[in-house]
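Listed here are the chains, written in short residue letters.
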Amino acid sequence: CDIMDDKHSFWEYCTDTLGFPSFNSKDSDGNMLPSHRLSSDAEVLALNQTLRDADAQDKYVLKNLGYDPLHRLDLFCLPADQATVKNYLEKIR
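Residues numbered from 1 in each chain as written. Predicted model: local features only at pLDDT ≥ 70, side-chain atom pairs only at ≥ 80, totals over all residues. Heavy atoms only, no water.

Student: When you look at the nonpolar core in this model, what are you seeing that I'm missing?
Tutor: Nonpolar side chains tend toward joint burial in soluble globular proteins. Ranked by size, the top nonpolar core spans 13 residues in total, and within it Val44, Leu62, Phe76, Leu78, Val85 and Leu89 carry the most contacts. Those elements giving two or more residues to this core turn out to be α2 (41–53) and α3 (82–91). The biggest single contributor to this core is α2, with 4 residues. Each residue touching Phe76, except ones within four places of it in the same chain, is listed here: Tyr60, Val61, Leu62, Thr84, Val85 and Tyr88. (Core = buried A, V, L, I, M, F, W, Y, C linked by side-chain atoms within 4.5 Å. Buried < 20%, exposed > 50% of the residue type's maximum accessible area, 1.4 Å probe, protein only. Helix = DSSP H or I, 4+ residues; strand = E, 2+ residues; numbered from the N terminus. Contact = heavy atoms within 4.5 Å.)

Have a look at this one:
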């Protein structure tokens, strides 16, 4: 099933279609945090900057959509310093 191979699509299917709660994806007010599908370094950096500009208190875990045996347990979070994000993006290539 293709939906199982895509973390973003699977997350949306579980929460939107099946109605499962996402216990670890709530903001400080208890509201569900959105999932963002980012397909380029530029999109990651843009979202990071948007979160930084908004002084976001919530953290978003950046995960590779494909299976990554070396970095699959990483819990790299946005927002972060732009240089830190660029270094992480280089590391996961």
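Student: Help me understand α3, please; the structure alone is not making it clear to me.
Tutor: One full turn of an α-helix is made of 3.6 residues, so residues set three or four places apart face in the same direction. Turning to α3, its buried residues number three or more, namely Val85, Tyr88 and Leu89. Across the axial projection of α3, the buried residues extend over an arc of 100°, all falling on one side. Facing away from the buried surface of α3 by more than 90 degrees, the exposed residues are Asn87 and Glu90. The backbone nitrogen of Ala83 lies 3.0 Å from a side-chain oxygen of the residue at the head of α3, namely Asp81. (Arc of directions from axis to C-beta. Polar contact = N/O pair within 3.5 Å; in protein donor to acceptor, adjacent residues only side chain to side chain.)

Student: What should I look at first to understand the packing of α2 against α3 in this one?
Tutor: When two helices pack together, their arrangement is given by the angle between the helix axes and by the axis-to-axis distance. Closest axis-to-axis distance for the α2/α3 pair is 10 Å, and the angle between their directions is 155°. In this view, α2 runs roughly antiparallel relative to α3, as classed from their interaxial angle. In this structure, α2 meets α3 at a crossing whose hand is right-handed. Together, Asp41, Val44, Leu45, Asn48 and Gln49 of α2 and Gln82, Val85, Lys86 and Leu89 of α3 make up the contact between the two elements. Here the contact of α2 with α3 is composed, by residue class, of 4 nonpolar, 3 polar and 2 charged. (Axes fitted to C-alpha atoms, helices over the stretch in contact; angles between N-to-C directions. Parallel < 35°, antiparallel > 145°, perpendicular 65-115°, else oblique. Left-handed = near helix turned anticlockwise from the far one by under 90°. Nonpolar A, V, L, I, M, F, W, Y, C, P; charged D, E, K, R; others polar.)

Student: Before we go on, may I ask you to explain the packing of aromatic side chains in this structure?
Tutor: For any pair of aromatic rings, the description consists of the separation of the ring centres together with the inter-plane angle of the planes. Summed over all chains, the structure comprises 1 aromatic pair. For the pair Phe76 and Tyr88, a centre-to-centre distance of 4.2 Å together with 5° between the ring planes defines the contact as stacked. Of this pair, Phe76 sits in the loop between β1 (60–61) and β2 (77–78) while Tyr88 sits in helix α3, placing them 12 residues apart in sequence. For the pair shown, Phe76 and Tyr88 are each scored as buried. (Phe/Tyr/Trp six-rings, centres within 6.5 Å; stacked < 30°, edge-to-face > 60°.)

Student: What is the right way to read the pattern of salt bridges from this model?
Tutor: If the charged atoms of two oppositely charged side chains come close together, the side chains can form a pair. Within this structure, the stated rule accounts for 3 salt bridges. Measuring nitrogen to oxygen at the nearest pair gives 3.9 Å for the salt bridge that ties Lys91 to Asp74. Residue Lys91 is located in helix α3, and its partner Asp74 is located in the loop between β1 and β2; the two are separated by 17 residues in the primary sequence. Taking the shortest distance from any N to any O, the salt bridge between Arg93 and Glu90 comes out at 2.6 Å. Like Glu90, Arg93 is exposed. (Salt bridge = Lys/Arg side-chain N within 4 Å of Asp/Glu carboxyl O.)

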